[in-house]
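Summary of the model geometry
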Amino acid sequence: MNAAARAALAAYQCREISPEVTLMRLLLACGNAAAMRDCLEAAAPPALRDLAEACRGHLEATARLVAAGLAAERTGSLAAVAAQFDDAAARCPEAAVALYSLGSPDILDRATAEIIERLRGWHVIGPGARVLDIGCGIGRIERELAPEIGAIVGIDLSSAMIAEARRRCADLPNVEFRQCGGAGLGGFAGRRFDLVLAVDVFPYLVAADPAIAAGHVADAARLTRPGGALVILNYSYRGDLARDRADVAALAARHGFRVERDGTRDLELWDGATFLLRQPVTVSAGSVSARPRRG
């Protein structure tokens, strides 16, 4: 068993990560499903072995994504990222948008519901809210959010992801999808959103070019209404949360955001780090409002 696999099991035993994330890390450490099963048989608690067995078919598909390079960063090339996710969407859409789902629709639904519940708790969504979802993937956030907000636009580099998202959300009139180039959000100039959301998207922007990630924060500052928010779940995959916090704090200060959550671990199923940046509220005639607005 290699060091990465031992570290994953140790983190699980300390209850630092969920069983789902543990299996994802073991798969990445072992490289294939067979080696991961050997590792589980040798050292894992029964609960992990049971979960792996329950997800066996989905895990095989997820393992093929890993073997095809889904987990590899494409430094310097957003076009390579788009091609990577076009291929992944055809192989296993659920694992493609969240590897820790292990390819299981049920696990992905639970993970998505948990994200939406946190968005509610942070008061960044509500009736009439308008949302921009960067890196929408197969439309899982749109599907869950649509009934309780005004409108949502999902954008993604991958044409295959956009096609799948449109198929899954075809019955939702307040949902729109667009393929984008990934360089920025200039195509939305003149529009205003209550929430700009990026779930596990910034790591790819940072890897391609930190300036692209910085540009997205600048664009989000122009697109969000007073009191509106930019929520980033994972800023990078560098493994240095202190550096991520420093980078996000600098960008927030430069563009007038207030940092409300600074790399916190707020989710039980997924180990993503939350950065919640809020625009200053508008003060008018003695009133202050930070709630999502219609319009």
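Along each chain, residues carry numbers from 1 onward, in the same order as the chain's sequence is written. Residues qualify for local features only when their pLDDT is at least 70, as the model is predicted, and side-chain atom pairs are given and counted only at 80 or more; totals for whole chains, interfaces and linings, by contrast, use all residues. Heavy atoms from the whole structure form the basis of all side-chain values; hydrogens and water molecules are not counted.

1. Section: the overall build of the protein
Helices and strands together make up the secondary structure of the protein, namely 13 helices and 9 strands. By its C-alpha atoms, the protein is 65 × 40 × 35 Å across when sized along the principal axes. Only protein chains enter the accessibility calculation, which uses a 1.4 Å probe. A residue is then buried if its area is under 20% of the maximum for its type, exposed if over 50%, and partly exposed in between. The buried share among the 295 residues of the protein stands at 54%. When contacts within the protein are restricted to residue pairs at least 6 apart in sequence, those whose partners lie at least 24 apart make up 65%. Accessible surface computed for the protein: about 12,600 Å², of which carbon and sulfur atoms make up 51%. Here a strand is any run of E in DSSP of at least two residues, a helix any run of H or I of at least four, and the numbering for each starts at the N terminus. Residue contacts are defined here by distance: any two heavy atoms, one from each residue, within 4.5 Å place the two residues in contact. Residue burial considers only the protein chains on display, and all accessible areas are found by Shrake-Rupley using a 1.4 Å probe.

2. What about the sheet that holds strand β6 (residues 258–265)?
Following DSSP output, two strands are said to pair if at least two bridges run between them. One open sheet holds the 7 strands; their spatial order is β3-β2-β1-β4-β5-β7-β6, and the pairing between them is mixed. Lying at the two open borders of the sheet, with one neighbouring strand each, are β3 (175–179) and β6. Taking the axes of each pair of neighbouring strands and ignoring which way they run, one obtains an average angle of 15 degrees across the sheet. Here an angle of 0 to 180 degrees is reported between the N-to-C directions of two axes, which are lines fitted to C-alpha atoms, with helices fitted over the stretch in contact. Helix α12 (residues 210–223) contacts β1 (130–134), β4 (193–199) and β5 (224–233) of the sheet and is inclined by roughly 150 degrees relative to β5. Helix α13 (residues 241–255) contacts β6 and β7 (273–278) of the sheet and is inclined by roughly 10 degrees relative to β7.

3. Let's talk about the packing of aromatic side chains
Any Phe, Tyr or Trp ring, taking Trp's six-membered ring, that has another such ring centre within 6.5 Å forms a pair; planes under 30 degrees apart are called stacked, those over 60 apart edge-to-face, and the others tilted. One pass over the full model with this rule turns up 6 aromatic pairs. Considering the side-chain rings of Tyr 204 and Tyr 237, the 5.8 Å spacing of their centres and the 80 degrees angle between planes classify their relative orientation as edge-to-face. In this pair, Tyr 204 sits in helix α11 (residues 202–208) while Tyr 237 sits in the loop between β5 and α13, placing the two residues 33 residues apart along the sequence. Exposure remark for Tyr 204: the relative accessible area of 17% places this residue in the buried category. Residue class for Tyr 237 comes out partly exposed when judged on its relative accessible area of 34%. An aromatic cluster is defined as three or more aromatic residues linked by ring pairs; in this entry it consists of Phe 85, Tyr 204 and Tyr 237.

4. A closer look at the nonpolar core
Grouped together as the largest cluster of nonpolar side chains are 110 residues, with contacts concentrated most on Leu 26, Leu 119, Ile 125, Leu 132 and Leu 195. Setting aside residues up to four positions removed in sequence, Leu 119 forms contacts with Val 124, Ile 125, Leu 195, Leu 197 and Val 231. For this analysis, a nonpolar core means a set of buried residues of the types Ala, Val, Leu, Ile, Met, Phe, Trp, Tyr and Cys, connected via side-chain atoms within 4.5 Å.

5. As for the pairing of β1
Burial of β1 is extensive: 4 of the 5 residues sit out of reach of the surface. Seen with its strands pointing away from the viewer, a crossover is right-handed when the path leading from the first strand over the helix to the second is clockwise. The parallel pair β1 and strand β2 (residues 151–156) is bridged by helix α9 (residues 140–145), and the resulting crossover is right-handed. The pairing of β1 with β4 spans 4 bridges and is classified as parallel. In the strand pairing of β4, Leu 132 is matched with Val 196.

6. Quick look at helix α6 (residues 78–91)
Between the first and last residue of a helix there are one fewer steps than residues, each counted as 1.5 Å, and that sum is the expected span. Here α6 is 14 residues long and its end C-alpha atoms lie 20 Å apart, about the 20 Å a rise of 1.5 Å per residue gives. Among all positions in α6, only Leu 78, Val 81, Ala 82, Gln 84, Phe 85, Ala 88 and Ala 89 are buried. Each buried residue of α6 lies within a common arc of 160 degrees when the element is viewed along its axis, so the set occupies one face. Residues of α6 that are exposed and point more than 90 degrees away from the buried face comprise Ala 79 and Ala 90. On its buried side, α6 packs onto α5 (56–67), α7 (93–97), α10 (159–168), α11 and α12. Here, the arc refers to the directions that run from the helix axis to the C-beta atoms.

7. With respect to the packing of helix α2 (residues 19–30) against helix α3 (residues 33–43)
Remark: α2 packs on α3, axes separated minimally by 8 Å, with the N-to-C direction vectors making an angle of 120 degrees. Helix-helix and strand crossings are classified by hand; for α2 and α3 the assignment is right-handed. Between α2, through Leu 23, Leu 26, Leu 27 and Cys 30, and α3, the contact on the second element is made entirely by Ala 33, Ala 35, Met 36, Cys 39 and Leu 40. Lys, Arg, Asp and Glu make up the charged group, whereas Ala, Val, Leu, Ile, Met, Phe, Trp, Tyr, Cys and Pro make up the nonpolar group; the residues left over, Gly among them, are polar. A class-by-class count of the residues in the contact of α2 with α3 yields 9 nonpolar, no polar and no charged. Crossings are classed by handedness, with left-handed meaning an anticlockwise turn of the near helix from the far one by less than a right angle and right-handed meaning a clockwise turn.

8. Describing helix α4 (residues 46–54)
For α4, every residue scored as buried is listed here: Leu 48, Leu 51 and Ala 52. Down the axis of α4, the smallest arc covering the buried residues is 100 degrees, so these residues share one side. For α4, exposure combined with an orientation more than 90 degrees from the buried face picks out Asp 50 and Ala 54. Those residues of α4 hidden inside the fold are in contact with α1 (3–13), α2, α3 and α5.

9. Quick notes on unusual backbone geometry
What you tend to see is this: most non-glycine residues have negative phi, and most peptide bonds are trans. A positive phi angle, near 60 degrees, is found at Arg 15, a position not held by glycine. Under the relative-accessibility criterion, Arg 15 is labelled exposed at 79%. With phi around 60 degrees, His 123 is a residue other than glycine that occupies positive phi space. When you line up the elements, His 123 lands in the loop between α8 (105–121) and β1.

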